[in-house]
Amino acid sequence: MYCLSILLLRAGLACAAPDLPALKIYGMDSKPISYADTGQPAGMAVELAQRIQDRLGRRDAIDIVPWVRAQTLAESGPNVMLLTVVRTPERERQMQFVGPIFTTRMAAYAVKGRLAELQRFDPGLYKLHAGARRGSIFANTARGLGFNLTDETNTSETAAKMLMSRRFDLWFDGEELMPGAMERAGYRPDEVEVVLRLGTAEVYFAFSNGTPKQQVDAWAGALRELKRDGSFQKIQRKWLSPLLEH
């Protein structure tokens with residue numbers, strides 16, 4: 001069945017995989033990557049996952065949940081897929097990866113116009129109160145670099161609200177996530193400014209340990225085909241075009 005599926009995939013045809021167990025697919029509320037739009041999953045990673053499922057003849061449901069819950073579910077058993085995970089040595093022991101699907105740009109934000117004030121208090125910005133989404137690569141990277149990460153929130157939107165209300169001074173997040181988080185928090189993206197860039201990290205689809213290798217390989221093959229025929233690039237441009245221009 002697997003060899004036939006790959007041959008059909010290379011021919012550009014949808015290939016059913018009825019012998020594979022259903023996946024429980026989770027994304028987190030991180031517009032424009034994955035989020036709920038009037039109760040339905042949407043975003044770059046969601047659309048990409050749906051296109052892959054079309055190629056595989058599958059339609060497993062995608063749910064949008066907090067990151068910490070998604071991570072817990074992925075650690076609890078097989079046949080769980082997380083839409084967006086940064087690959088790290090620790091996570092490689094817990095998950096199987098397919099991708100990358102995009103590159104996140106990690107940054108620290110402050111309320112626009114506050115940088116000079118913050119630097120007078122702490123020129124290096126390391127002692128300032130900082131926040132980030134709980135369990136994220138942004139929180140882990142900031143803490144690893146020695147920043148004073150005092151607050152971890154369930155969503156980027158909540159972090160944006162806390163920054164704007166001065167509950168902390170620095171907010172660590174992805175440049176692709178900031179605009180959506182600010183808008184959903186009720187603010188304009190230009191009300192904050194980048195004060196530090198911490199580098200980039202590649203983001204992947206991740207499958208829990210115990211998920212059949214055949215399942216993971218089928219997703220990897222379908223993703224390669226989408227990249228080869230240009231469909232992947234069209235999805236990226238649709239959702240991430242402002243970021244891709246920089």
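Scroll up a little and you will see the structure.
One structure accompanies this document, and this report is about it. Predicted, not measured: the structure shown is a model, and the values here were computed from it. (Residues numbered from 1 in each chain as written. Predicted model: local features only at pLDDT ≥ 70, side-chain atom pairs only at ≥ 80, totals over all residues. Heavy atoms only, no water.)

The next point concerns the packing of helix 2 (residues 44-56) against helix 9 (residues 213-228). Look at helix 2 against helix 9: their axes get within 9 Å of each other, and the N-to-C directions meet at 105 degrees. The angle between helix 2 and helix 9 falls in the class roughly perpendicular. The residues of helix 9 that touch helix 2, namely those facing Leu-48, Ala-49, Arg-51, Ile-52, Gln-53, Arg-55 and Leu-56, are Ala-218, Trp-219, Ala-222, Leu-223, Glu-225 and Leu-226. The class makeup of the residues in the contact of helix 2 with helix 9 is nine nonpolar, one polar and three charged. (Axes fitted to C-alpha atoms, helices over the stretch in contact; angles between N-to-C directions. Helix = DSSP H or I, 4+ residues; strand = E, 2+ residues; numbered from the N terminus. Parallel < 35°, antiparallel > 145°, perpendicular 65-115°, else oblique. Contact = heavy atoms within 4.5 Å. Nonpolar A, V, L, I, M, F, W, Y, C, P; charged D, E, K, R; others polar.)

Turning our eyes to something else, we now look at the pairing of strand 8 (residues 149-153). In the case of a regular strand, side chains alternate between the two sheet surfaces. Across four bridges, strand 7 (residues 130-133) lies against strand 8 in parallel orientation. Across the sheet, residue Arg-133 finds its bridge partner in strand 8, namely Thr-153. Following the backbone out of strand 7, through helix 6 (residues 137-144) and into the adjacent parallel strand 8, one traces a crossover that is right-handed. (Pairing = 2+ DSSP bridges. Right-handed = clockwise from strand over helix to strand, strands pointing away.)

Attention shifts here to the environment of Tyr-187. In this fold, Tyr-187 is placed in the loop between helix 8 (178-184) and strand 10 (192-208). Residue class for Tyr-187 comes out partly exposed when judged on its relative accessible area of 27%. As a C-alpha pair, Tyr-187 and Met-164 span 23 residues in sequence and 8.5 Å in three-dimensional space. Among all residues touching Tyr-187, those that are not within four sequence positions of it are Lys-161, Met-164 and Met-182. (Buried < 20%, exposed > 50% of the residue type's maximum accessible area, 1.4 Å probe, protein only.)

Before going further, it helps to examine the packing of aromatic side chains. Considering all chains together, one arrives at seven aromatic pairs under this definition. Arranged with centres 4.4 Å apart and planes meeting at 20 degrees, the rings of Tyr-126 and Phe-147 form a pair that is stacked. Residue Tyr-126 is located in the loop between helix 5 (115-121) and strand 7, and its partner Phe-147 is located in the loop between helix 6 and strand 8; the two are separated by 21 residues in the primary sequence. The exposure class of Tyr-126 is partly exposed, given its relative accessible area of 41%. Put simply, the rings of Tyr-126, Phe-147 and Phe-172 pair up and form one aromatic cluster. (Phe/Tyr/Trp six-rings, centres within 6.5 Å; stacked < 30°, edge-to-face > 60°.)

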